[in-house]
Amino acid sequence: MLKIGICDDNVEIRRLLHSFCERFFGEDSCVISQYASGEEFFEKGCGEEYPDILLLDIEMEGMDGIQIKNILQRQKREVRILFVTSHEELALEGYGKHVFGFLVKPFDYEQLERKLRPAAEDLEQAKRYVTLHMNGPGRRVRLSEILYIEADGKYARFHLEADGRPLYGERSIGTWEEELAGSDFAMSHKSYLVNLAWVKQIRDTDLLLKNGETVRVSRRMKTGFREKYKAYIFRNAR
């Protein structure tokens, strides 16, 4: 079940966010935990109990929201954060991995919904898996771990975020393109199916990925790829 955390030192704001989150996700689809301080969050939100999505006040007594975000990032926790703040100028300090925007007080349900939806969609994408079969038992791989898929004859090589040798899938890249239709993957070249979440820059003849690797982009497919990338950026605008 989806785990939602609300960390704010204002009890009325916590109650309001709790009510809005139940409306957005559905009461039976999520577990919502409230924390009155950063210290309470780390005391109770440990191990497997860390939330999937955290609505986090920037300004709190003791440990503030920026400090909490920095600790979670150092620990490599995949907690998606939506900051809540009374002062929009503080938002610049909060940018970073897994930060999905800023909700400025006072707010209504529609404002929360617009800010929360990209985080919820990203979480859904991250939890999707594919199963690779190649001369042995299948191995499940999260879509979010895949940098790109490379054609290798009638098979395909999966290049992953983790260092190591690529994994092989027994189906062709065309079949994988069909399999992943509707997800954040796009063909940059007849031999490359790329995870848009990992693209940093589209250049003349290649793509620069966020981990420093490059992937070929063909002249024929470049325009279509660029349009899909722009649509991805728009959907996930922070």
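Before reading further, recall that the structure is shown in the block above.
An account of the overall build of the chain is needed here, citing residue identities and associated values.
Along the chain, the regular secondary structure elements total six helices and 15 strands. Viewed in the frame of its principal axes, the chain has a C-alpha envelope of about 60 × 40 × 30 Å. The buried share of the chain, taken over its 238 residues, is 47%. Here the analysis covers contacts within the chain between residues at least 6 apart in sequence; of these, 53% occur between residues at least 24 apart. Approximately 13100 Å² of the chain is accessible, and the part contributed by carbon and sulfur atoms is 45%. Across the chain, the 37 positively charged side chains and the 40 negatively charged ones have centroids separated by 9 Å.

Tell me about the pairing of strand β9 (residues 155-160), residues and numbers included.
Bridge count for strand β8 (residues 146-152) against β9 is six bridges, and the pairing is antiparallel. The partner of Tyr148 across the bridge, within β9, is His159. Hairpin remark: β8 followed by β9, antiparallel, with two residues in the connecting loop; positive phi at Gly153, about 65 degrees. Direction of pairing for β9 relative to strand β10 (residues 167-169): antiparallel, over a ladder of three bridges. Following the sheet pairing, Ala156 is matched in β10 by Gly169.

Quick one: what's the story with the sheet that holds strand β1 (residues 2-7), residue by residue and with numbers?
Pairing within the open sheet is parallel, and its five strands lie in the order β2-β1-β3-β4-β5. If you trace the sheet from one side to the other, it starts and ends with β2 (30-35) and β5 (99-104), each paired once. In this sheet, adjacent strand axes meet at a mean angle of 15 degrees when their direction is disregarded. Sheet analysis places strand β4 (residues 80-85) next to β5, joined by four bridges and oriented parallel. Within the sheet, the bridge partner assigned to Phe83 lies in β5 and is Phe102. Relative to β2, helix α1 (residues 11-25) is tilted by about 170 degrees, and along the sheet it contacts β1, β2, β3 (53-57), β4 and β5.

An account of the packing of aromatic side chains is needed here, citing residue identities and associated values.
Given two aromatic rings, one states the distance between the centres and the angle between the planes to describe the pair. Summed over the entire model, instances satisfying the criterion amount to eleven aromatic pairs. Taking the centre distance of 6.5 Å and the plane angle of 70 degrees together, the rings of Phe42 and Tyr50 count as edge-to-face. When its relative accessible area of 10% is taken as the criterion, Tyr50 is described as buried. An angle of 10 degrees between the planes, with centres 5.6 Å apart, marks the rings of Phe83 and Phe102 as stacked. Within this pair, whereas Phe83 is found in strand β4, its partner Phe102 is found in strand β5, the two being separated by 19 residues in sequence.

Describe in detail the pattern of salt bridges, supporting the description with residues and values.
If you walk through the whole model with that rule in mind, you get eleven salt bridges. Between Lys105 and Asp57 there is a salt bridge whose closest N-O contact spans 3.6 Å. In this pair, Lys105 is assigned in the loop between β5 and α4 (109-126) and Asp57 in strand β3, connecting sequence segments 48 residues apart. Here Arg157 makes a salt bridge to Glu150, at a shortest N to O gap of 3.1 Å. With a relative accessible area of 24%, Arg157 lands in the partly exposed category. You can call Glu150 buried: its relative accessible area is 13%. Where salt bridges share partners, they join Asp8, Asp57 and Lys105 into one cluster.

Tell me about the sheet that holds strand β14 (residues 206-209), and please be specific about residues and values.
Strand order in the open sheet formed by three strands is β13-β14-β15, and the pairing between neighbours is antiparallel. Strand pairing shows two members of the sheet lacking a second neighbour, β13 (199-202) and β15 (214-216), which therefore form its edges. Strand-to-strand twist across the sheet, computed as the mean angle between neighbouring axes with direction ignored, equals 30 degrees. Here β14 pairs with β15 via three bridges, running antiparallel. Its bridge partner lying in β15, Leu207 is registered against Val215. Of the strands in this sheet, β13 and β14 touch helix α6 (residues 219-235), which is tilted by about 135 degrees from β13.

Cut-offs and rules
Residues numbered from 1 in each chain as written. Predicted model: local features only at pLDDT ≥ 70, side-chain atom pairs only at ≥ 80, totals over all residues. Heavy atoms only, no water. Helix = DSSP H or I, 4+ residues; strand = E, 2+ residues; numbered from the N terminus. Buried < 20%, exposed > 50% of the residue type's maximum accessible area, 1.4 Å probe, protein only. Contact = heavy atoms within 4.5 Å. Areas by Shrake-Rupley, 256 points an atom, 1.4 Å probe, with all protein chains shown as cover. Lys, Arg positive; Asp, Glu negative; His and termini not counted. Charge placed at Lys NZ, Arg CZ, Asp CG, Glu CD. Pairing = 2+ DSSP bridges. Axes fitted to C-alpha atoms, helices over the stretch in contact; angles between N-to-C directions. Phe/Tyr/Trp six-rings, centres within 6.5 Å; stacked < 30°, edge-to-face > 60°. Salt bridge = Lys/Arg side-chain N within 4 Å of Asp/Glu carboxyl O.

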